[in-house]
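Coordinate inspection notes
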Amino acid sequence: RGWIHSLITALVIFIFISSLVKSEVCKYHSEMDEKEDSQTCSDSQTCSDSQNTVEMESQPVDMEVEVKEKPLCSKAMSQEDVGEGKKPPDSSHDTSSCDDEKHSIIIIDSTEKTGATKSKHLTEKEPVNFPSTIEGFGYSFIDGEMRNIKTNERFAFEVRKGDKDYNQKHYEALGELITEEVYKLLESEVNLKKIELPIDKKQNEAGSFFFASEDAFTNSDKLMIIIHGSGVVRAGQWSRRLIMNDCLDSGTQLPFIRTSISEGYGVVILNTNRNTQVIEKKKCKIRGSSSPEQHA
């Protein structure tokens, strides 16, 4: 029993000494960690302050945002309706079918603290007023080809070098005039009649139209119905690009109409992409027409 008692006593002493040593070691490491944390925090604060200083110097100060806004149109305006300049529907017409054609421009005024510089950025470019005739664009149709009046060269898409937005708008504006020119040719060149829709269309009501030959509704033997493709093309057109870059015969339906009439067909030329009309800056739905497919 004596040796067991001595062993237990030695074990208790060993455990006690180990605890003391462990406590001192933990205390030492804790003090070292606190010193390192303090140093790191100081360095981090200095770095953070430096970064904030750099960021503040690199950013404009006193940012002011001025919004000059007109209400936005809820739906896109059809290209064929631009600039038609017709009177708005009268009070008897349901104007609820019309959407205001509006736009918005945002001007951001950024001024540095020193007041030395001031810049303005427009999210939209200022509207451009293009000519109202093909000749005003400098082109004319010569032997069925659209040529530059001065140089006799073919159509050039790039009017302002590097300005894609302006060049596209220039192209689209000219395309609208070509649409009107083709409408005239359907009446003057192949003697088609322009028929208004709806048939019982009221005065100042939004409407559309198609073209037909004299015998289109009386010829019981042969009837040719010609429908253009989708997109911006209208009655009488296959492709604006071909009209501009090649000729009227390849870009319009005129050759097919001439052949059909010579073969004794009555002819109807549909205008299914025209389903709205802008009247006094309001896009108005056409009664009985809601999509190209339903229109046809």
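Below is a short write-up of the structure. On a predicted model such as this, the values are computed, not experimentally measured, just so you know.

With that settled, the discussion passes to the environment of phenylalanine 130. The residue phenylalanine 130 is located in the loop between strand S4 (118-122) and strand S5 (139-142) in this model. Its relative accessible area of 23% is what places phenylalanine 130 among the partly exposed residues. The spacing of phenylalanine 130 and leucine 174 is 44 residues in sequence and 8.4 Å in space, taken between C-alpha atoms. Those residues in contact with phenylalanine 130 that lie beyond four places of it in its chain are Phe137, Tyr166, Lys169, His170 and Ala173.

Core analysis: the largest hydrophobic core is formed by 27 residues, its most contacted members being Leu174, Ile178, Leu186, Phe211, Ile257 and Ile269. Among the elements of the structure, helix H2 (164-188), strand S8 (208-212), helix H3 (240-245), helix H5 (254-262) and strand S10 (266-269) are those that each provide at least two residues to this core. By residue number, the principal contributor to this core is H2, which donates 9 residues. Not counting chain neighbours up to four residues away, the residues in contact with isoleucine 269 comprise Leu192, Phe210, Phe211, Ile226, Ala235, Gly236, Gln253 and Ile257. In this structure, Ala212, Ala216, Val268 and Leu270 belong to the second largest nonpolar core, which totals 5 residues.

Turning our attention to the sheet that holds S8. Read from one edge to the other, the open sheet built from 4 strands follows the order S7-S8-S10-S9, with strand pairing classed as mixed. The outermost strands of the open sheet, each flanked by one partner alone, are strand S7 (193-197) and strand S9 (223-226). Each strand axis lies, on average, 25° off the axis of its neighbour in the sheet, ignoring direction. Two elements, S9 and S10, share 4 bridges in a ladder whose sense is parallel. Paired with isoleucine 225 across the strands is valine 268, a residue of S10. Contacts from H5 reach S9 and S10, with the element oriented near 155° to S10.

About the thresholds
- Residues numbered from 1 in each chain as written.
- Predicted model: local features only at pLDDT ≥ 70, side-chain atom pairs only at ≥ 80, totals over all residues.
- Heavy atoms only, no water.
- Helix = DSSP H or I, 4+ residues; strand = E, 2+ residues; numbered from the N terminus.
- Buried < 20%, exposed > 50% of the residue type's maximum accessible area, 1.4 Å probe, protein only.
- Contact = heavy atoms within 4.5 Å.
- Core = buried A, V, L, I, M, F, W, Y, C linked by side-chain atoms within 4.5 Å.
- Pairing = 2+ DSSP bridges.
- Axes fitted to C-alpha atoms, helices over the stretch in contact; angles between N-to-C directions.

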